[in-house]
Protein chains: 2
Amino acid sequence: MNRGPEGRRRPVTIHDVAREAGVSRGTVSRVLNGGHYVSPAAQTAVNNAIRRTGYVVNRHARSLITGRSDSVAFLLTEPQERFFEDPNFNVLLRSCTQELASQDIPLLLMIAGNEDERRRNLRYIQAGHVDGVLLVSSHSGDPVAGELDAAGIPVVACGKPIGQQARISYVAADDRDGARQMVRFLYESGRRRIATVSGPPDTPGGVERLAGYRETLAECGLPVDEALIAAGDYSRASGGRAAEQLLERAPDIDAVFVASDLMADGVLDALARAGRSVPGDVAVGGFDDSPAALAAAPRLTTIRQPFDRISKEMVRMLMARIGGEDPAAVILPTELVRRESA
Amino acid sequence: MNRGPEGRRRPVTIHDVAREAGVSRGTVSRVLNGGHYVSPAAQTAVNNAIRRTGYVVNRHARSLITGRSDSVAFLLTEPQERFFEDPNFNVLLRSCTQELASQDIPLLLMIAGNEDERRRNLRYIQAGHVDGVLLVSSHSGDPVAGELDAAGIPVVACGKPIGQQARISYVAADDRDGARQMVRFLYESGRRRIATVSGPPDTPGGVERLAGYRETLAECGLPVDEALIAAGDYSRASGGRAAEQLLERAPDIDAVFVASDLMADGVLDALARAGRSVPGDVAVGGFDDSPAALAAAPRLTTIRQPFDRISKEMVRMLMARIGGEDPAAVILPTELVRRESA
DNA sequence: CTGAAAGCGCTTACAG
DNA sequence: CTGAAAGCGCTTACAG
């Protein structure tokens, strides 16, 4: 960082680099942007000059001319309780930040907990302040995906946006197969009264994991008993309430497949209060392999969602969309992680 | 949003507004920047033109000339386990985002979980891509605050940065007084063998809350028994381990003041495993009033940190710093929240 | 392969 | 109070 006479920082510009390297500004810019049409000699001279001067590109000047901001929004549309409670969001946020950082792209965090915030964030995005958005929201009835798409903003959603006319790219874990793996595992462990706590019916995880549960029961030759199905809203407390219902309607259950680790933790609490041992009396299987699975006691046997890969794919797809590629969907496989609860 | 002949978006510029309003670009700009030296008539004409055209300022062009980016970084330097586990971060992140959004300032999220990431983020920040940084890190030995300050970047830390030569602005809750309130409350409830689980000794909360514990015991005429003091690292698991130590060293404890809600939740688990009832046998007091306090069973009696005000103050102070004001510290009062655990 | 030049959209002295 | 003009730091056709 150069300093002028009075110690004030005078940022070094492309002009300084050009002078230092003995070339024109245009050549410096070409080196900066991939080095096409630049002789090796000039290339070297410029790179050395950049090193010596400590030059860093002024992104505003660049953006002004390219029309891109080289930044991306992470838009979370979720009631704040869930953001506070569910570690999945942190995992996703963390790995997206990391993945973007490795490409030197800053992530603008936007949280829309209510209609007002949704509107404000939408306006900001539509003003072109970001090149695209990573959309995270469990409730896929959310119209925001469609609105962004309609405005021509590249979007990649985490989880399939239900009800959007398939114009939106998304990345999701294979929910149905994950459910299948867990239910089959429970069955093969000898459980025969397998209940489930599903997620909200307006979320892909709520729908698909329940479907996987039903299918697998049928495959195993077990009847599907509606008394064994209770719905939660992905919160820990809702898991506890669902377990209580289940216990009341079917005291003989010997296993529960829960559609999220956080809810499974609530189920564990309810089971303990009811005096049932886990996994002795009742086996409990979760979903996510989130940090909550390890914090639970006993630690949860669960289905791992490959959040790292999910984030990587989301970022990759968003970049592709920004680059003009058509939308696409990526489904990633899940994996059973065996611990103590089942 | 105007569209050109082929439906491509052609962003409306200050030029379009000027033409529409029948004034010069300079006048439009003046209206945009506070309306000084502008006649009411021109003011009105410009505002109408802005409305009609749907004009939104191009921040890059503005930044290029003002030299400010009108954005702020939220830098979290924390091992990722803690970010995943501790809801305090989410609360802070959420309310800072919100506070900044209300001023139309985007928040760039940066997470530094290791040395590499620290370095990269530092470089990014020093390149002037943000106007200032909100620094959140429980471990205040962290040199990043000093490095940023040395580079002339305005910084406001959450919690007192220990070991920094007081040049850094910070906002903190009154940790010592919070501890005092809790210990006194425990004493006045009739408890006499009051233990504590403290935070890490290299964090302000670790130091101050422990100090408050000691002082208050002394004020109450109770001896300070070192066997009643165990340290955690703010994780839930460490709370459990500390409680086990405490129980072993001093089976007769009848209360524990825990320096964070998350650790208190771990203490609750350990107590349950040891067959102690809460608050019957042992009263448990937490600290933070984080979402973890409500998720715990029984729900935690705790000390509320005013996170909303903390965030507001952090943002306000950062803006002041950016505007050239000298550093300052703000200490906010805490409050006892009585629930079931004590 | 390279330089000179235009121009991205804005702000801000500078004259009036 | 207002307009004309310079200039922020960069990229990108355009000639050569």
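Owing to the predicted nature of the structure, the values given are computational and were not obtained by experimental measurement. (Residues numbered from 1 in each chain as written. Chains lettered and ligands numbered in written order. Predicted model: local features only at pLDDT ≥ 70, side-chain atom pairs only at ≥ 80, totals over all residues. Heavy atoms only, no water.)

## With respect to the protein's contact with DNA strand C
Condition: Near residues are defined by distance, with any heavy atom within 4 Å of the molecule or strand qualifying the residue. Polar contacts here mean pairs of N or O atoms no more than 3.5 Å apart (in protein, one a potential hydrogen donor and the other a potential acceptor; neighbouring residues in sequence count only if both atoms are side-chain atoms). A run of H or I in DSSP counts as a helix once it spans at least four residues, and a run of E counts as a strand once it spans at least two, with each numbered from the N terminus. Residues are grouped as follows: Ala, Val, Leu, Ile, Met, Phe, Trp, Tyr, Cys and Pro are nonpolar; Asp, Glu, Lys and Arg are charged; all remaining types, including Gly, are polar.
Neighbouring residues of DNA strand C: 24 residues in total, closest R30(A), S39(A), I14(B), S29(B) and Y55(B). In the interface set of DNA strand C, defined as its atoms within 4 Å of the protein, sugar plus phosphate atoms amount to 63%. One nitrogen or oxygen atom from the side chain of R30(A) is found 2.6 Å from a base oxygen belonging to DNA strand C. For DNA strand C, a phosphate oxygen lies 3.1 Å from a polar atom in the backbone of N58(B). Elements supplying a minimum of two residues to the surface near DNA strand C: helix 2 (25-32) and helix 4 (59-66) of chain A together with helix 2 (25-32) and helix 4 (59-66) of chain B. Split into classes, the residues belonging to the surface near DNA strand C amount to twelve nonpolar, eight polar and four charged.

## Things to note about the packing of helix 9 (residues 175-188) of chain A against helix 10 (residues 204-219) of chain A
Residue and element names in this part refer to chain A. The line we're drawing: To get an axis, fit a line to the C-alpha atoms, keeping to the stretch in contact for a helix; angles then go from 0 to 180 degrees between the N-to-C directions. Each angle receives one of four descriptions, namely roughly parallel if under 35 degrees, roughly antiparallel if over 145, roughly perpendicular if within 65 to 115, and oblique otherwise. The hand of a helix crossing depends on one turn: near helix anticlockwise from the far one by less than a right angle means left-handed, and clockwise means right-handed. Residues are treated as being in contact if the distance between any of their heavy atoms lies within 4.5 Å.
Put simply, helix 9 and helix 10 touch, their axes get as near as 7 Å, and they point 45° apart. Taken as axis vectors, helix 9 and helix 10 run oblique relative to one another. Where helix 9 crosses over helix 10, the two elements pack in a sense that is right-handed. Every residue of helix 10 that contacts helix 9 at D175, R176, A179, R180, V183 and R184 is listed here: P204, G205, E208, R209, A211, G212, Y213, E215, T216, L217 and E219.

## Describing the relation of the copies chain B and chain A
This is how the line gets drawn: Only residues with pLDDT of at least 70 in both copies contribute their C-alpha atoms to the least-squares superposition of the copies.
It takes a turn of 180° to lay chain B on chain A, together with a shift of 0.0 Å along the axis; the resulting RMSD is 0.1 Å. Both chain copies can therefore be described as sitting about a two-fold axis. Counting the interface residues of chain B, we find that 100% of their copies in chain A are interface residues as well, pointing to one common contact surface.

## Description of the sheet that holds strand 7 (residues 229-231) of chain B
All names here are of chain B. Our working rule: Two strands qualify as a pair provided that DSSP identifies no fewer than 2 bridges between them.
The sheet built from four strands is open, its strands ordered 7-6-8-9 with parallel pairing. Both outer strands of the open sheet, strand 7 and strand 9 (283-285), are each paired with one neighbouring strand and no more. For this sheet, the mean inter-axis angle between neighbouring strands, taken without regard to orientation, is 15°. The pairing of strand 6 (residues 194-198) with strand 7 spans three bridges and is parallel. Among the inter-strand pairings, S198 is bridged to a residue of strand 7, identified as A231.

## Observations regarding the pairing of strand 6 of chain B
Residue and element names in this part refer to chain B. Under the convention used in this document: Only protein chains enter the accessibility calculation, which uses a 1.4 Å probe; a residue whose area is less than 20% of its type maximum is buried, one above 50% is exposed, and one in between is partly exposed. Note on handedness: a clockwise path from strand one over the helix to strand two, with the strands aimed away from the viewer, defines a right-handed crossover.
The buried fraction of strand 6 amounts to five of the five residues, a majority that puts the element mostly inside the structure. Of the two faces of strand 6, the one carrying I194, T196 and S198 and the one carrying A195 and V197 are both buried. Direction of pairing for strand 6 relative to strand 8 (residues 255-258): parallel, over a ladder of four bridges. Residue A195 lies in a different strand from strand 8, and its bridge partner there is V256. Following the backbone out of strand 6, through helix 10 (residues 204-219) and into the adjacent parallel strand 7, one traces a crossover that is right-handed.

## Things to note about the UniProt feature "domain: HTH lacI-type" (unreviewed entry) in chain A
Where we set the bar: UniProt positions are given in the numbering used here, feature names are shortened, and annotations may be inferred rather than shown by experiment.
The UniProt record marks residues 12-66 of chain A with the feature "domain: HTH lacI-type" (unreviewed entry), using the residue numbering of this structure. When the span residues 12-66 of chain A is considered, its composition is 69% helix and 0% strand, and the gap between its end C-alpha atoms is 21 Å.

## Considering the packing of aromatic side chains
Where we set the bar: The criterion for an aromatic pair is that two Phe, Tyr or Trp rings (for Trp, the six-membered ring) have centres within 6.5 Å, with stacked assigned to planes under 30 degrees apart, edge-to-face to planes over 60 apart and tilted to the rest. Only when the NZ of Lys or the CZ of Arg is both within 6 Å of the ring centre and within 35 degrees of the ring normal is a charge said to sit over the ring.
Summed over the entire model, instances satisfying the criterion amount to six aromatic pairs over all chains. Arranged with centres 6.3 Å apart and planes meeting at 55°, the rings of F257(B) and F287(B) form a pair that is tilted. In this pair, F257(B) sits in strand 8 while F287(B) sits in the loop between strand 9 and helix 13 (291-295), placing the two residues 30 residues apart along the sequence. Side by side, F257(B) and F287(B) carry an identical accessibility label, which is buried. Within the aromatic cluster, the residues linked to one another by ring pairs are F83(A), F84(A) and F89(A). Across from the ring centre of F287(A), 4.0 Å away, lies the NZ or CZ of R209(A), which sits over that ring. The ring of Y187(B) has R192(B) sitting right over it, with the charged end atom 3.8 Å from the ring centre.

## Some remarks on the protein's contact with DNA strand D
Looking at DNA strand D, there are 24 residues lining it, with I14(A), S29(A), Y55(A), R30(B) and S39(B) nearest. For DNA strand D, the backbone makes up 63% of the atoms found within 4 Å of the protein, where backbone means sugar plus phosphate. Residue R62(A) places a side-chain N or O atom 2.7 Å away from a phosphate oxygen belonging to DNA strand D. Those elements that provide at least two residues to the surface near DNA strand D are helix 2 and helix 4 of chain A together with helix 2 and helix 4 of chain B.

## Structural notes on the pattern of salt bridges
Condition: Any carboxyl oxygen of Asp or Glu that lies within 4 Å of a side-chain nitrogen of Lys or Arg is treated as forming a salt bridge with it.
Counted by the stated rule, this structure contains 62 salt bridges over all chains. The residue E147(A) makes a salt bridge to R118(A) at a minimum N-O spacing of 2.5 Å. With E147(A) in helix 8 (residues 144-150) and R118(A) in helix 7 (residues 115-129), this pair connects stretches of sequence that are 29 residues apart. Residue R167(B) pairs with D149(B) through a salt bridge whose shortest N-O separation is 3.6 Å. Taken together, the residues span a long stretch of sequence, with R167(B) in the loop between strand 4 (155-158) and strand 5 (169-173) and D149(B) in helix 8 (residues 144-150) at a distance of 18 residues. A residue is classified by how much of its surface remains accessible, and D149(B), at 18% relative accessible area, is buried. When salt bridges with common partners are traced through the structure, they connect R176(A), D177(A), R180(A), R184(A), E188(A), E208(A), E215(A) and E219(A) into a single cluster.

## Some thoughts on the interface of chain B and chain A
The extent of an interface is frequently quoted as the accessible surface area lost upon association of the parts. For clarity, the threshold we go by: Simply put, the buried area is the total loss of 1.4 Å probe accessible area from both parts when two parts are fitted together.
Each partner contributes residues to the interface: chain B has 43 residues there, and chain A has 43 residues. In this assembly, chain B packs against chain A so that about 3800 Å² is buried in total across both faces, 58% of it on carbon and sulfur atoms. Sorting the residues of chain B by area buried against chain A places H60(B), F84(B) and R94(B) first, and these three jointly supply 19% of that buried surface. Across the contact surface, chain B and chain A share two salt bridges. Between E117(A) and R94(B) there is a salt bridge; the shortest N-O distance is 2.9 Å. Among the residues making up the side of chain B that touches chain A, the classes are represented as 22 nonpolar, 13 polar and eight charged.

## Concerning the sheet that holds strand 9 (residues 283-285) of chain A
Residue and element names in this part refer to chain A. Read across the open sheet, the four strands follow the order 7-6-8-9; overall the sheet is parallel. Only two strands of the sheet have a single partner each, and these edge strands are strand 7 (229-231) and strand 9. Neighbouring strand axes in the sheet, compared pairwise and without regard to direction, differ in orientation by 20° on average. Sitting on the sheet, helix 10 is in contact with strand 6 (194-198), strand 7 and strand 8 (255-258), with an inclination near 170° to strand 6. Against the sheet, helix 11 (residues 236-249) contacts strand 6, strand 7 and strand 8, and its axis sits at roughly 155° relative to strand 7.

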